[in-house]
Amino acid sequence: AKARKEFDRVIRQTKNSKTLSFEECDTRFRRAIMLREEGLPSWARAVRELDRHIACKSDNAQAYFVRGQIQADYKAFDASTKDFERAARLASSQGLKRIRSQALYASSRVLKRRKRFSEAKLLDFLKQSVAADQTYAPPHRDLCDMLQQTDRKSAKRHCKAYLKADPNGVYAKQVRELLRNL
């Protein structure tokens, strides 16, 4: 609550400012994160804060990623896909493996939420996500599940990689069961 009041104070002071200092720009990003965590009623404000942040710091991969998450939650799939693509591209050029992997994985999740999608494209997003960061567990779980019928050897490898990355994760029990059946 104290941090939010401070963020609000800084933002009120800069509301009509054309250019933002580094501190003010950073405050916009941190406030957007807080607003996103507050839930649906605050998401529109979070997107506005991210828009302002991106206007002054267009190379922040995490800002595009967070904005993409909110857009996906609003079912604005085209906008979220663009943000995830931009986040992945920026993260790659900045050596931010985890953010790149998360953005690619989030792209696969958005693709699955569309009524029609290419399974090949979905598989490509998941494989790129794994290639970006081998220790990020979620794409391994999805690949384990997807490949169990067509490529048991790869499915087994991804199940094991998931369990290595997140042995007590939410889906660990499910993945162990899949692995036993391979």
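Above this text you will find the structure in question.
The text that follows walks through the structure, step by step, so that each part is easy to find. (Residues numbered from 1 in each chain as written. Predicted model: local features only at pLDDT ≥ 70, side-chain atom pairs only at ≥ 80, totals over all residues. Heavy atoms only, no water.)

Before going further, it helps to spend a moment on the overall build of the protein chain. For the protein chain, the helix and strand inventory stands at ten helices and zero strands. Each helix and strand of the protein chain, ordered N terminal to C terminal, gives the series α-α-α-α-α-α-α-α-α-α. Across the 182 residues in the protein chain, those meeting the buried criterion constitute 46%. The contacts of the protein chain with a sequence gap of at least 6 include a subset with a gap of at least 24, amounting to 48%. Of the roughly 10700 Å² that the protein chain leaves accessible, carbon and sulfur atoms contribute 49%. (Helix = DSSP H or I, 4+ residues; strand = E, 2+ residues; numbered from the N terminus. Buried < 20%, exposed > 50% of the residue type's maximum accessible area, 1.4 Å probe, protein only. Contact = heavy atoms within 4.5 Å. Areas by Shrake-Rupley, 256 points an atom, 1.4 Å probe, with all protein chains shown as cover.)

Relative to the helices and strands, S80 resides in helix α5 (residues 77-94). There is a polar contact of 3.0 Å between the side chain of S80 and the backbone oxygen of F77. Excluding residues that lie within four positions of it along the chain, S80 makes contacts with G68, Q71, A72 and V110. (Polar contact = N/O pair within 3.5 Å; in protein donor to acceptor, adjacent residues only side chain to side chain.)

Turning next to the packing of aromatic side chains. Applying the stated rule across the entire model yields three aromatic pairs. Its end group placed over the ring of Y171, R141 keeps NZ or CZ at 3.8 Å from the ring centre. (Phe/Tyr/Trp six-rings, centres within 6.5 Å; stacked < 30°, edge-to-face > 60°. Lys NZ or Arg CZ within 6 Å of the ring centre and 35° of its normal.)

On to the state of the cysteines. Scanning the entire structure with this criterion turns up two disulfides. Across the disulfide, C25 is cross-linked to C56 (sulfur-sulfur distance 1.9 Å). Across the S-S bond of C25 and C56 the torsion is about 100 degrees, and the bridge reads as right-handed. Placement of C25 in helix α2 (residues 22-38) and of C56 in helix α3 (residues 43-56) is noted, with a sequence separation of 31 residues between them. For C56, a relative accessible area of 34% gives the class partly exposed. Here C144 engages in a disulfide with C159; their sulfurs sit 1.7 Å apart. Of this pair, C144 sits in helix α8 (residues 137-147) while C159 sits in helix α9 (residues 152-165), and the two are 15 residues apart along the sequence. Note on C144: relative accessible area 1%, which makes it buried. If one numbers only the bonded cysteines of the protein chain, in the order they occur, the disulfide pattern is 1-2, 3-4. (Disulfide = S-S within 2.5 Å.)

Moving on to unusual backbone geometry. You will see that K75, though not glycine, has its phi angle at about 65 degrees, which is positive. Along the chain, K75 turns up in the loop between α4 (61-73) and α5.

The next thing to look at is the pattern of salt bridges. All told, the structure shown has 14 salt bridges when counted by the stated rule. Here R31 and E49 are joined by a salt bridge, their closest N and O atoms 2.7 Å apart. Taken together, the residues span a long stretch of sequence, with R31 in helix α2 and E49 in helix α3 at a distance of 18 residues. Judged on exposure class, the residue R31 and its partner E49 are both buried. It is possible to trace a salt-bridge network through shared partners that takes in R109, K112, R141 and D142. (Salt bridge = Lys/Arg side-chain N within 4 Å of Asp/Glu carboxyl O.)

With that out of the way, let us pick up the environment of Y74. If you trace the backbone, Y74 turns up in the loop between α4 and α5. In this view, Y74 contacts L40, W43 and A44; residues no more than four positions away in its chain are not counted.

Next up on the list: the packing of helix α6 (residues 97-113) against helix α7 (residues 119-132). When two helices pack together, their arrangement is given by the angle between their axes and by how far apart the axes lie. In the contact formed by α6 and α7, the axes pass within 8 Å of each other and the chain directions differ by 165 degrees. The orientation of α6 with respect to α7, classified from their angle, is roughly antiparallel. The handedness of the crossing between α6 and α7 is left-handed. Between α6 and α7, the residues in contact are K97, R100, S101, L104, Y105, S107, S108, L111 and K112 and K121, L122, F125, L126, Q128, S129 and A132, respectively. For the contact of α6 with α7, the per-class residue count stands at seven nonpolar, five polar and four charged. (Axes fitted to C-alpha atoms, helices over the stretch in contact; angles between N-to-C directions. Parallel < 35°, antiparallel > 145°, perpendicular 65-115°, else oblique. Left-handed = near helix turned anticlockwise from the far one by under 90°. Nonpolar A, V, L, I, M, F, W, Y, C, P; charged D, E, K, R; others polar.)

Nothing here speaks to function; it is all geometry.
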